[in-house]
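Here's the letter readout for the chains.
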Amino acid sequence: MDVLIADQDLVTELLPMSEAVAVMRDALGRLNDPDTMLPLRNVLALPGGERAFSLMPSYLGGLGTLGVKIITAFPANFGGEYDTHQGVVLVFDDDHGRLRAIVDATAITAIRTAAVSGVATDLLAAPGAGDLALIGAGTQAHTHLAAMASVRPLRRVRVFSLPAGSAEEFARREERLTGLTIEVADSAQEAVRGADIVCTVTTATEPVVSGDWLAPGAHVNAVGAYTPTTRELDTRAVARSRLYVDRREATLSEAGEFLLARAEGAIDDDHIVGEIGEVLNGVAPGRGSADEITLFKSLGLAVEDLAAARHVLDRARERGAGVWLEIGGRHFGSTAGA
Ligand SMILES: NC(=O)c1ccc[n+]([C@@H]2O[C@H](COP(=O)([O-])OP(=O)(O)OC[C@H]3O[C@@H](n4cnc5c(N)ncnc54)[C@H](O)[C@@H]3O)[C@@H](O)[C@H]2O)c1
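These remarks concern the structure in this document. These numbers were taken from a predicted model, which means no experiment stands behind them. Position numbers for residues count from 1 along each chain, tracking the sequence in the order it is written. Where local features are concerned, this predicted model is filtered to residues with pLDDT of at least 70; where side-chain atom pairs are given and counted, the filter is 80 or more; whole-chain, interface and lining totals use all residues. Calculated side-chain values reflect all of the structure's heavy atoms, with hydrogen atoms and water omitted.

### Topic: the pairing of strand 9 (residues 156–160)
Reasoning step 1: When a residue's accessible area, from a 1.4 Å probe over protein chains only, is under 20% of the maximum for its type it is buried; when over 50% it is exposed; and in between it is partly exposed. Each helix is a run of H or I in the DSSP string that is no shorter than four residues. Each strand is a run of E no shorter than two, and both are numbered from the N terminus. The buried fraction of strand 9 amounts to 4 of the 5 residues, a majority that puts the element mostly inside the structure.
Reasoning step 2: Direction of pairing for strand 8 (residues 131–135) relative to strand 9: parallel, over a ladder of 5 bridges. Within strand 9, the residue paired with Leu-134 across the bridge is Val-159.
Reasoning step 3: Crossover handedness is defined by viewing with both strands directed away from the observer: a clockwise path from the first strand over the helix to the second marks the crossover as right-handed. One crossover worth recording links strand 8 to the parallel strand 9 by way of helix 4 (residues 139–151), and it is right-handed.
Reasoning step 4: Paired strands are those between which DSSP finds at least two bridges. Pairing between strand 9 and strand 10 (residues 182–184): 3 bridges, direction parallel. Note on strand 10: the bridge partner recorded for Arg-158 is Glu-183.

### Here's the deal with unusual backbone geometry
Reasoning step 1: The amide bond that connects Leu-162 to the next residue, Pro-163, takes the cis arrangement and shows omega of 0 degrees.
Reasoning step 2: Position of Pro-163 among the secondary structure elements: in the loop between strand 9 and helix 5 (166–178).

### Quick word on the packing of helix 4 against helix 5
For any two helices packed against each other, the geometry is given by the interaxial angle and the distance between the axes.
Reasoning step 1: At a minimum axis separation of 11 Å, helix 4 and helix 5 run at an interaxial angle of 35 degrees. Read as a crossing pair, helix 4 and helix 5 show a hand that is right-handed. Residues Ala-141, His-142 and Leu-145 of helix 4 lie in contact with helix 5, whose contacting residues are Phe-170, Glu-174, Leu-177 and Thr-178.
Reasoning step 2: Polar here means any residue other than Ala, Val, Leu, Ile, Met, Phe, Trp, Tyr, Cys and Pro, which are nonpolar, and Asp, Glu, Lys and Arg, which are charged; Gly is therefore polar. Broken down by class, the residue content of the contact of helix 4 with helix 5 amounts to 4 nonpolar, 2 polar and 1 charged. Interaxial angles span 0 to 180 degrees and are taken between N-to-C directions of axes, which are lines fitted to C-alpha atoms, for helices over the stretch in contact. By convention the crossing between two helices is left-handed if the near helix lies anticlockwise of the far one by an angle smaller than a right angle, and right-handed if it lies clockwise. Note on contacts: a residue pair qualifies if any of its non-hydrogen atoms lie within 4.5 Å across the two residues.

### Side note on the site of the ligand
Reasoning step 1: A single heavy atom is enough: if one lies within 4 Å of a molecule or strand, its residue is considered near that molecule or strand. Around the ligand, the surrounding shell holds 26 residues, and the nearest of these are Thr-84, Ala-137, Gln-140, Leu-162 and Gly-224.
Reasoning step 2: Under the rule applied, a polar contact is a pair of N or O atoms within 3.5 Å (in protein, one hydrogen donor and one hydrogen acceptor; residues adjacent in sequence only if both atoms are side-chain atoms). Gln-140 has a polar backbone atom sitting 2.8 Å from an oxygen atom of the ligand.
Reasoning step 3: At a separation of 2.9 Å, a nitrogen atom of the ligand approaches a polar side-chain atom of Ser-298.
Reasoning step 4: For accessible areas, the Shrake-Rupley method is used with a probe of radius 1.4 Å. Any residue's cover is judged against the shown protein chains and nothing else. Alone, the ligand offers 860 Å² of accessible surface; in the complex the protein occludes 91% of this.
Reasoning step 5: Contributions of two or more residues to the shell around the ligand are made by helix 3 (105–124) and helix 4.
Reasoning step 6: Ranked by the residues each element gives to the shell around the ligand, the list is headed by helix 3, at 3 residues.
Reasoning step 7: Tallied by class, residues from the shell around the ligand come to 10 nonpolar, 15 polar and 1 charged.
Reasoning step 8: Each of two domains, domain 1 (2–108 + 302–326) and domain 2 (126–297), supplies a minimum of three residues to the shell around the ligand. All the domain ranges listed were derived from an automatic or database domain assignment.

### Examining the nonpolar core
Reasoning step 1: Residues grouped as a nonpolar core are buried Ala, Val, Leu, Ile, Met, Phe, Trp, Tyr and Cys residues, joined through side-chain atoms within 4.5 Å. Counting 69 residues, the largest nonpolar core has Val-11, Ile-108 and Leu-132 as the members making the most contacts within it.
Reasoning step 2: Counting residues per element, this core draws most heavily on helix 3, at 10 residues.
Reasoning step 3: Residue contributions to this core reach at least three from each of two domains, namely domain 1 (2–108 + 302–326) and domain 2 (126–297).
Reasoning step 4: Counting residues in each nonpolar core, the second largest holds 28 residues, with Val-192, Ala-222, Leu-233 and Leu-243 among its members.

Structural data, given as structure tokens:
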């Protein structure tokens, strides 16, 4: 039996951003299907508090596939040789439970996360939005720039990041890659001023953006924080916004932006307007007025990884691309002595 091994280059080739946005739109729309299974992820917070090891299983019956992402997040990797996220997505079929693909999770995570923000932005940002602020200048900033550009024509891009110098390096590299002009802001407040799309994509654990700085009508994707005690946005930002999430259950268990604002008494559970998948399916309303601020709190879901990796598998099969290995399959021992 052949199993695909897909490295970063193959994932990048087979999952371009515009296709990734469509794949995420489809996956999020399946979230509340009866044959979708998505337990909360299992996160081991390693000693010291900063490093995490996560196990993220899911089943997408509609696509006949199940799988798991196994991934580490080591923020101190930033600026060095290795990406902050390392791991694999394992894809199985639901005919015989066979392993079908082992896919690089650094690339899948980088692309699918930004593509999901792309779906949210396309649904919730003002139709004419195109003034983008990126807070953070790492892997997610890179893919979020591509994702935002794929759903709205960008007329201005500003970036702010710590430590000093990291945003400058990012801006010059992305200018070469995209042909866009990228301004380096001196502060997060300066980056956000007047922006109508804001993406927070940092490993910060304390707020980097205050609600007082956000322009009326802005859309915010809060992507970086994923534990109950960490956040990139302050309480004011969450309370001022119309809040959308990827998954309610995960938000109530993992999202510091939501949980800390609730603990401070600024919001309650009804503050969540809906999941992005519910907006896609017409179950939850989208933006209500031109002036309101919409906020998408992203935590990242295993079905996103599974759908993205499954897409890579399908494309690789169609194109005869990638490395294929014989792993598993027939009855063990059936050919012994033959
Ligand atoms: N929601 C999701 O689905 C999802 C998926 C992947 C990653 N993430 C999270 O997003 C965050 C970014 O991921 P990445 O792969 O881009 O990481 P990265 O290490 O490549 O980049 C992190 C960036 O944050 C910047 N930064 C750190 N602290 C800052 C601060 N206080 N102010 C301004 N900038 C600061 C760093 O300089 C760097 O530019 C991580 O916390 C990661 O775990 C979330």
